[in-house]
Amino acid sequence: MATLREVAEAAGVSKAVASRALTGDFTTRMSEETRRRVRAVAEELQYVPNHRSRALRFAKSGAVGLIVPDVNNAVFAEMLAGVQDRAGEAGMSVLLSQIDPPPAGRDQLRRLVAEGRVDGVLLQRREDFDDTRLREVLAGDPPVVLINSKLAGRAGSVVLDDVRGAATATRHLIDLGHERIGHLAGMAEHDTAVRRHRGFTETMRAAGLSVRPSWVERSGWEAPGGAAAVTRMMQRKTRPTALVVSSVNAGIGALSALSRLGVRVPEDLSVVAINDTWVAETWAPALTTVRMPLRALGHRACGMLLDHLAGQRLGDVVVEEPVPELIVRESTRPVP
């Protein structure tokens with residue numbers, strides 16, 4: 001990884017000019033061509049400022065960034081509260097943002113740190129980020145902790161016990177007597193979705209039940225995906241009597257589509273989703289969910305980031321306490 005001096009030499013400018021070009025300092029007279037040249041060289045050399053020493057000096061008045069796929073998603077409210085709790089203990093603020101796919105997303109992340117707006121970042125993988133895209137966004141090794149996401153070969157992640165969460169949802173339906181259980185899963189490229197699908201399949205097999213491929217649909221995390229996936233499933237000749245949905249938002253979308261299709265919940269189909277929001281409680285019928293410890297997730301992840309900024313090495317953590325909590329509402333009932 002290049003130093004600022006190497007960037008300046010390659011761009012044919014002084015170190016001071018290179019620094020001002022990269023930090024967006026427009027108080028200095030400098031041509032736009034020079035700014036672009038310096039930034040292009042920095043990009044080519046994968047230059048990233050070392051903000052760990054800055055964080056040590058200014059942690060009491062600094063900030064951390066929380067980057068989520070969608071700032072309007074109610075699921076992230078509890079996670080944000082946990083991040084704010086831990087950041088507040090350190091006298092730091094929290095900047096909430098979302099990120100675009102690379103290359104724009106990589107540049108967004110670099111600027112966020114390079115311009116001194118935050119000392120480090122908590123980043124949750126977008127639904128459409130496979131490992132390659134995520135690595136591209138993280139190019140240059142900025143101070144980032146992945147939150148409820150993992151990346152093979154890269155340390156620095158705090159995740160939920162997604163296997164247990166999906167197992168809790170599946171076990172609830174099995175205990176109600178359901179044997180024909182389907183699954184609206186997240187995208188296959190997303191590590192959280194992989195863990196939740198594993199929790200579903202392992203619990204089904206442990207109960208001696210088969211997982212029918214025709215009853216597994218990739219819905220993604222959001223309501224439109226859930227609606228589309230359950231519509232495809234309901235068009236098949238044989239249908240499940242119950243459904244595990246990997247995301248509460250996709251679960252809400254599924255309920256909406258089922259109502260339009262004339263499928264009664266829970267009389268014809270029981271539905272349980274992972275994660276919980278106020279929407280799940282106020283929908284009709286109210287959606288049974290597995291409440292994941294998102295506040296603890298945010299607190300733990302922010303703590304890891306602050307420790308890293310103070311010089312500690314990154315690790316990988318699974319939040320095992322508190323355990324996922326089943327919230328039984330109107331959308332599930334014993335098998336007819």
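Above this note sits the structure.
Residues numbered from 1 in each chain as written. Predicted model: local features only at pLDDT ≥ 70, side-chain atom pairs only at ≥ 80, totals over all residues. Heavy atoms only, no water.

Attention shifts here to unusual backbone geometry. The linkage connecting V265 with the following residue, P266, adopts the cis geometry, with an omega of 10°. Put simply, A284 and P285 share a cis peptide bond, and its omega is 0°. On the secondary structure map, P285 appears in the loop between α12 (278–282) and β10 (288–291). (Helix = DSSP H or I, 4+ residues; strand = E, 2+ residues; numbered from the N terminus.)

Locating R212 in the fold gives a position in the loop between α9 (191–206) and β7 (216–218). In the structure, R212 is positioned 28 residues away from P240 in sequence and 9.4 Å away in space, judged by C-alpha atoms.

Right, let's talk about helix α1 (residues 4–11) for a bit. Side chains of residues three or four places apart in an α-helix project in the same direction, reflecting 3.6 residues per turn. Within α1 the residues assigned to the buried category are L4, V7, A8 and A11. Looking straight down α1, one finds its buried side chains confined to an arc of 100°; they lie on one side. Every exposed residue of α1 that faces more than 90 degrees away from the buried side is listed here: E9 and A10. Downstream of α1 by one or two residues, G12 has phi in the positive range, about 75°. (Buried < 20%, exposed > 50% of the residue type's maximum accessible area, 1.4 Å probe, protein only. Arc of directions from axis to C-beta.)

A few words now on the sheet that holds strand β1 (residues 63–68). Read across the sheet, six strands follow the order β2-β1-β3-β4-β5-β11 without closing on themselves; strand pairing throughout is parallel. Edge strands, defined here as strands with exactly one partner in the open sheet, are β2 (93–98) and β11 (316–319). For this sheet, the mean inter-axis angle between neighbouring strands, taken without regard to orientation, is 20°. With four bridges joining them, strand β5 (residues 157–160) and β11 adopt parallel strand pairing. Note that in β11 the partner of S157 across the bridge is D316. Where helix α13 (residues 294–309) meets the sheet, its contacts fall on β1, β3 (120–123), β4 (144–147), β5 and β11, and the angle it forms with β5 comes to roughly 170°. (Pairing = 2+ DSSP bridges. Axes fitted to C-alpha atoms, helices over the stretch in contact; angles between N-to-C directions. Contact = heavy atoms within 4.5 Å.)

This brings us to the pattern of salt bridges. Under the counting rule described, the total for this entry stands at 16 salt bridges. With a shortest N-O distance of 2.5 Å, R236 and E217 are connected by a salt bridge. You can see R236 sitting in the loop between α10 (223–234) and β8 (242–245) and its partner E217 sitting in strand β7, a full 19 residues away along the chain. The exposure class of R236 is partly exposed, given its relative accessible area of 31%. Overall, E217 belongs to the buried group, its relative accessible area being 9%. A salt bridge links D268 to R264; the shortest N-O distance between them is 2.9 Å. With a relative accessible area of 34%, D268 lands in the partly exposed category. (Salt bridge = Lys/Arg side-chain N within 4 Å of Asp/Glu carboxyl O.)

Function cannot be inferred from these measures alone, as they are strictly geometric.
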